[in-house]
Amino acid sequence: MRFITLLLGLALANGCAAAQPIVIKFSHVVASHTPKGKAAQRFKELAEQATGGRVTVALYPNSELYKDKEELEALQLGAVQMLAPSLAKFGQLGVREFELFDLPYIFPDSAALHRITEGPIGRDALKKLEVKGIVGLAYWDNGFKVMSANRPLLWPADFDGLKMRIQPSKVLDVQMRALGANPQALAFAEVYAALQRGVVDGTENPPSNFYTQRMYEVQRHLTVSNHGYLGYAVIVNKKFWDRLPSELREKLEQAMRSATVYANAIAEKENADALERIRQDGKTAVHHLSAAQKEAWQKALLPVHQELEGRIGKELIQAVKREIN
Ligand code: LMR
């Protein structure tokens, strides 16, 4: 009798364990109504549906769990399972290939960018994460960046002496110095307050981030410079991923493929809509560069490529240029 009770107990325990969903904690730093926030939500829906609820995706937007650097540490420690940091943040892990995405004026448009993210260069960069205990699943777009400050930024000389918030990226540091500004790396969650208090004078980001973080309340001028790209790599903790039953992992990979198509389909419009809302709000004057101004920005910024060849790899930069030109 005792034996039967024990068996019953074990069966129940197993049954209960099987009924417990596997939880993927997906932490990110932006608002839910951004390209990344919406794509994360889409992944959650697709993943939960495809696995019949065996996997639950818990979303933590807006740096609610961790800020930029902490989230990468949390992923490596397994405190969260999934993130989508901006490509500018991977240099901190010592994986320098990703820095090529920050190079100013390297991608003329998103079609050129996608030739890299969807081709061997993009795949190889994701592979480099494995030694860090991370699996790279996909690239998600945000878009091309605008520059902002409390004075118009029309010529490189307008940046002179400005303290500009950057993501923690050596390339962005060199880029701002090439314009005569003083770069200051700050976590995304701190940008609004830093602009408001004058800790920094200006910043760069795609319009969707500028709008959803309400930076337009504290910046009087914005230039649609499209001088650089900001996008994401969706990454998971490798141990967690490798230990998933393979049929679940395949379903999650499929959900990620569909969420990626969705992410990259909405990003451009999300940014165009955000720019329109900033314009309509009226607190920030929106400037576009004339042909002469754009040429002056390019003249100031293109030497950054050469300056960083030693760090990112001359051959890699050349391979990117061959692929997109
Ligand atoms: C930033 O720090 O400006 C961006 O990386 C935030 C984001 O994730 O889009």
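This text follows the structure it describes.
This structure is a prediction, so every number in the text was calculated from the model and none was measured.

## A word on the overall build of the chain
For step 1, the next point in the chain: Of the regular secondary structure elements, the chain holds 14 helices and 11 strands.
For step 2, the next point in the chain: Computed over the C-alpha atoms, the radius of gyration of the chain is 22 Å, within 12% of the 20 Å expected from 2.2 N^0.38 for a compact globule of 325 residues.
For step 3, the next point in the chain: Expressed along its principal axes, the backbone C-alpha trace of the chain runs to roughly 90 × 45 × 30 Å.
For step 4, the next point in the chain: Within the chain, the fraction of its 325 residues that count as buried is 51%.
For step 5, the next point in the chain: Across the chain, every contact between residues at least 6 apart in sequence was considered, and the portion connecting residues at least 24 apart equals 75%.
For step 6, the next point in the chain: Each charge class in the chain can be summarised by its mean position, and for the 41 positive and 36 negative side chains these summaries are 3 Å apart.

## Digging into the site of the ligand
For step 1, the next point in the chain: Taken together, the neighbourhood of the ligand is formed by Val29, Val30, Lys36, Ser86, Lys89, Arg165, Gln167, Phe188, Asn205, Asn209, Leu230 and Tyr232.
For step 2, the next point in the chain: Contacts to the ligand include Asn205, whose side-chain N or O atom sits 2.8 Å from an oxygen atom.
For step 3, the next point in the chain: With respect to the ligand, the side chain of Asn209 contributes an N or O atom lying 2.8 Å from an oxygen atom.
For step 4, the next point in the chain: Protein chains bury 100% of the 270 Å² of accessible surface belonging to the ligand in isolation.
For step 5, the next point in the chain: When its residues are assigned to classes, the shell around the ligand shows five nonpolar, four polar and three charged.

## Looking at unusual backbone geometry
For step 1, the next point in the chain: Phi at Ser63 is positive, roughly 55°, even though this residue is not glycine.
For step 2, the next point in the chain: With respect to the element layout, Ser63 can be found in the loop between strand 2 (55-60) and helix 3 (68-77).
For step 3, the next point in the chain: Of note in the backbone geometry, Tyr105 takes a positive phi value of approximately 60° without being a glycine.
For step 4, the next point in the chain: By secondary structure assignment, the location of Tyr105 is in the loop between strand 3 (82-83) and helix 4 (110-117).

## A word on the sheet that holds strand 1 (residues 22-27)
For step 1, the next point in the chain: The sheet built from five strands is open, its strands ordered 2-1-3-10-4 with mixed pairing. This sheet does not close on itself; its edge strands, each paired only once, are strand 2 and strand 4 (134-144).
For step 2, the next point in the chain: Across nine bridges, strand 4 lies against strand 10 (residues 229-237) in antiparallel orientation. Directly across from Gly136, in strand 10, lies its bridge partner Ile235.
For step 3, the next point in the chain: Docked against the sheet, helix 3 engages strand 1, strand 3, strand 4 and strand 10, running at close to 25° with respect to strand 10.
For step 4, the next point in the chain: Of the strands in this sheet, strand 1, strand 2, strand 3, strand 4 and strand 10 touch helix 10 (residues 246-281), which is tilted by about 15° from strand 4.

## So, the pattern of salt bridges
For step 1, the next point in the chain: Enumeration over the complete set of coordinates arrives at 16 salt bridges.
For step 2, the next point in the chain: Between Arg177 and Asp173 there is a salt bridge, and its shortest N-O distance comes to 2.7 Å. Taken together, the residues Arg177 and Asp173, both in helix 6 (residues 170-178) and four residues apart, mark about one turn of the helix.
For step 3, the next point in the chain: What makes Asp173 buried here is its relative accessible area of 16%.

Reading guide: rules and limits
- Residues numbered from 1 in each chain as written.
- Predicted model: local features only at pLDDT ≥ 70, side-chain atom pairs only at ≥ 80, totals over all residues.
- Heavy atoms only, no water.
- Helix = DSSP H or I, 4+ residues; strand = E, 2+ residues; numbered from the N terminus.
- Rg over C-alpha atoms; globule rule 2.2 N^0.38 Å.
- Buried < 20%, exposed > 50% of the residue type's maximum accessible area, 1.4 Å probe, protein only.
- Contact = heavy atoms within 4.5 Å.
- Lys, Arg positive; Asp, Glu negative; His and termini not counted.
- Charge placed at Lys NZ, Arg CZ, Asp CG, Glu CD.
- Near = heavy atom within 4 Å.
- Polar contact = N/O pair within 3.5 Å; in protein donor to acceptor, adjacent residues only side chain to side chain.
- Areas by Shrake-Rupley, 256 points an atom, 1.4 Å probe, with all protein chains shown as cover.
- Nonpolar A, V, L, I, M, F, W, Y, C, P; charged D, E, K, R; others polar.
- Pairing = 2+ DSSP bridges.
- Axes fitted to C-alpha atoms, helices over the stretch in contact; angles between N-to-C directions.
- Salt bridge = Lys/Arg side-chain N within 4 Å of Asp/Glu carboxyl O.

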